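One letter stands for each residue in the lines below.
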Amino acid sequence: MSPKLMLRRMREWPRWTIIPIGLLLAGFAIALGLLLEPAGYALSPVKVEPTPTMPAIAYSEGLSGSCHDCHFSLSALEASAADPSTAGAYLIEAESIATPHGRLGCLACHGGDGEAAAKEAAHEGLVPDMSAEKPEECLICHEDLPDEIPHDRLRVPHGEIIAHIEEGSPCDVHCSDCHGGVGHGFDPVSGETFCSMTVCLDCHQERNLAVQMADCDACHLGPHDVATALTCNDCHTSTETWAEVDLRIHPVDLPGKHGETACFQCHQYPDFKGLNNVCTDCHVSGHTDWGDHDCAQCHDAGATWDMVAQTWNEHAEHWDQYKGQHLKVACRGCHFEGYTNLDPSCDTCHQLPDSHEGGRDAIDCVTCHQADQPWDTSAPEG
Amino acid sequence: MAEHYWGWLVAIYLFLGGMGAGAFLMASVVELSGMRYRIKYCPTALVGAGVSGPLVLIGTVLLILDLGAGIKEPWRILWMFTNFQSVMTWGIWILTLFIPLAFLYGIVEVMHVHPGILSRLRKRLRFLPETLPYRSIKRVVCPVGSVLAIATAIYTGVLLSVVSAVPLWNTPVLPALFLVSAVSTGMGLTFDLAATLAVPEIHRRYNHMPLIHLIFIGLEIALLALLLILALNRGGEAAESARLIVLGNRSVTFWVLVVGFGMVYPFMVHVYAFARKSHGYVSGILSGVGIVIAGLFVRYLIVAAAIPVTV
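Rules behind the numbers
Residues numbered from 1 in each chain as written. Chains lettered and ligands numbered in written order. Predicted model: local features only at pLDDT ≥ 70, side-chain atom pairs only at ≥ 80, totals over all residues. Helix = DSSP H or I, 4+ residues; strand = E, 2+ residues; numbered from the N terminus. Buried ≥ 20, exposed ≤ 12 C-beta atoms within 10 Å, placed from the backbone. Contact = placed C-beta atoms within 7 Å. Expected span 1.5 Å × (residues − 1). Bend = angle between axes of the 7 residues up to and from the residue. Axes fitted to C-alpha atoms, helices over the stretch in contact; angles between N-to-C directions. Parallel < 35°, antiparallel > 145°, perpendicular 65-115°, else oblique. Left-handed = near helix turned anticlockwise from the far one by under 90°. Nonpolar A, V, L, I, M, F, W, Y, C, P; charged D, E, K, R; others polar. pLDDT = per-residue confidence, 0-100.

## Some words on the overall build of chain A
A count of helices and strands for chain A gives 16 helices and 2 strands. Per-residue burial for chain A yields a buried fraction of 13% across its 382 residues. A separation of at least 24 residues holds for 41% of the contacts in chain A among residues at least 6 apart in sequence.

Structural data, given as structure tokens:
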């Protein structure tokens, strides 16, 4: 069939078929490209090679084959180790080459010859820790690292370390001191694993740094708005969990259950201020017709909400019978319809007993009885 | 041989992303300008609308496969949606918005060309109307999608140009080159290839199209030359990268496939087509293939010739 006839036949197909044909043409171009590129490479008359540089070698996962052969296999390591019992220390999880650093290939950081089969040849020129021996090569990618990591609330001396490296006088703190084997499954940035706090503290201690460098604030950035005035250990008492705090430094007393409450039940994270130090910052009043923001005027922080504080005298000013057995009655016992305009007549709550039948019902109880005395001791003569 | 950051998968993604965006732009132009309605059947609109979504989607899947985490822990990609300091986050948002819109355009265009599809759907889905306002839908989808298509095409260049460790890439010329190349490959696929195959006489109706294509091929040549000349002048790794492309191991691919077959030949075909108001089957199809292959290889060579800075 001639090409022209084929084209004519094609034009009789449903119109939508031009879409898969278009996709096939795109695929054909890619396939053609994949075939032609090696041919073009092979036919190239001029073999200009780039200057061999560490990164140029580095971005070649494929050049690390013999590294993988041994370091991914415990048996291979044991077979080649002088002391097989130590071989496990050199075992690397095969999955680690899928991490960003792992994908650079072993040679990127460790040098050597990743295509040599013999152990000695493969390890020639080996760099166990690139960040210690050639720290400037870490800066090819990591030239601009932050001094603070807000997400983790951490303070780190990146700027200082980088400045030393750039000046050509690397200090004795290396990337690997904190970031360990970033190419071997350790990924502090994603948080898959984390750098233990003792790594920092031990290092600070070994270097005889100022005593303040052993404080929490040396590395941790306090998230609270009191962090400029207080250090972490002014309040926090645990190195395991921030939740354990010593409340003695709290600017206002925290009586009763307040002392048992977690900080952020009252304070909005991360700020500690912003509260008016009044009860209604946190509590919702159970009554709207009485009282203001200061619940403590009537209620005792150490007691139940159902009762008013023993120390509250004002209630007696409103009602002189607030004494005796009345002190044991819950608020709602009398104030069942609100807190104001309560009729002080005794018969609001009390019923006239049978013994009073005969005309005494019109007399107010308090004429004869007092709330802090038993009913019978106040019975009038006659 | 220069070892590089990224390989074929990324080059193909950059190519498919660019060509998909370019195809969408072409279809939108013929739709919004009314050119689509001047002839009974416009393969440019149908192919442009139909392939843009699948091409960009396939490219994106390749990109995800190229990321180690894309295979092992694909959910980690979701984290990238919120890191607005990263160019990749812009790209993810652009692609997330563009891909469904491109698919929608493709579906609407196919239904517009084949009204029987809606009738068949109505037999099962009775709530569907007898007809749809296809042109009105496309009047919304095309302008919005075109903005996203331009963003997609530019983004494929920005993705490389922000890598400061590779001097060849680290230039604003690259996003401009990728945008122009995207439009050019989109035209190559939807007009030179598809239109020549389906309705050759379309060239006589759209007689100014060769001139537009000439301008884009010319711009692509100029921007590619600018990228390489600037790199050669900068010296160091940038010049080494450029030398790899122009004189080194990639030179045959560059001069034969990109410059010769992908730029000079289509340029000549379009000069002829502009003068004669048409071009032949073979020259039209070969010109389209050349432009598309050049679009792929421009990206591949730029990716493959990356030489990072040394300290």
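## Structural notes on the overall build of chain B
Summing up its helical and strand segments, chain B has 13 helices and 0 strands in all. In chain B, the order of α-helices and β-strands from amino to carboxyl end is α-α-α-α-α-α-α-α-α-α-α-α-α. A total of 311 residues make up chain B; the buried ones form 52% of that total. For chain B, restricting intrachain contacts to residue pairs at least 6 apart in sequence, the fraction spanning at least 24 positions comes to 79%.

## A look at the environment of Ala102 of chain B
Residues and elements named next belong to chain B. As for its position among the elements, Ala102 is in helix H5 (residues 87–113). It is 4.6 Å that separates the C-alpha atoms of Ala102 and Gly53, two residues lying 49 residues apart in sequence. Excluding residues within four positions of it along the chain, Ala102 makes contact with Gly20, Phe24, Ser52, Gly53, Val56 and Gly145.

## Considering helix H8 (residues 173–198) of chain B
Residue pairs three or four apart in sequence face the same way in an α-helix, which turns once every 3.6 residues. Residues and elements named next belong to chain B. End to end, H8 covers 36 Å across 26 residues, agreeing with the expected 38 Å (1.5 Å per residue, within 8%). At Gly188, H8 shows its strongest bend, of approximately 30 degrees. Most of H8 sits out of view: 23 of its 26 residues are buried.

## Re unusual backbone geometry
Residue and element names in this part refer to chain A. Phi is positive for Asn208, which is not a glycine, with a value near 50 degrees. Within the secondary structure layout, Asn208 lies in the loop between helix H12 (197–206) and helix H13 (232–235). A tally of 8 C-beta atoms within 10 Å means that Asn208 is categorised as exposed.

## Observations regarding the packing of helix H1 (residues 8–32) of chain B against H8 of chain B
Residues and elements named next belong to chain B. Orientation of H1 relative to H8, taken along the N-to-C sense of each, is 65 degrees, at an axis distance of 7 Å. Here H1 lies roughly perpendicular to H8, going by the angle between them. For the element pair H1 and H8, the recorded crossing hand is right-handed. In this structure, H1 contributes Gly18, Met19, Ala21, Gly22, Ala23, Leu25, Met26 and Ala27 to the contact, and H8 contributes Phe178, Ser181, Ala182, Val183, Ser184, Thr185, Gly186, Met187, Leu189, Thr190 and Phe191. Residues belonging to the contact of H1 with H8 are distributed by class as follows: 12 nonpolar, 7 polar and no charged.

## Describing the packing of helix H7 (residues 134–161) of chain B against H8 of chain B
All names here are of chain B. Two elements in contact, H7 and H8, have axes whose closest approach is 7 Å; the angle formed by their N-to-C orientations is 140 degrees. As for how H7 packs across H8, the hand of that crossing is right-handed. Within the contact between the two elements, H7 uses Ile150, Ala153, Ile154, Thr156, Gly157, Val158, Leu160 and Ser161 and H8 uses Leu174, Pro175, Leu177, Phe178, Leu179 and Ala182. When its residues are assigned to classes, the contact of H7 with H8 shows 11 nonpolar, 3 polar and no charged.

## Side note on the confidence of the model for chain B
Per-residue pLDDT for chain B averages 86, and the proportion of residues at 70 or more is 93%. This prediction of the complex comes with two scores: 0.56 for pTM and 0.78 for ipTM.

## Notes on the confidence of the model for chain A
Residue and element names in this part refer to chain A. Summarising the model, chain A shows a mean pLDDT of 79, and 88% of its residues fall at 70 or more. When pLDDT is averaged over each element of chain A, helix H7 (residues 119–122) comes out on top at 90 and helix H3 (residues 54–58) at the bottom at 41. Here residues 50–59 scores under 50 on pLDDT; set against residues more than four positions off or in separate chains, the count is 28 contacts.

## Remarks on the environment of Gln268 of chain A
Residues and elements named next belong to chain A. You can see Gln268 is positioned in the loop between helix H14 (263–266) and helix H15 (314–318). Take Gln268: there are 10 C-beta atoms within 10 Å of it, and that puts it in the exposed class. Counting along the chain gives 44 residues from Gln268 to His224, while the straight-line C-alpha distance between them is 9.7 Å.

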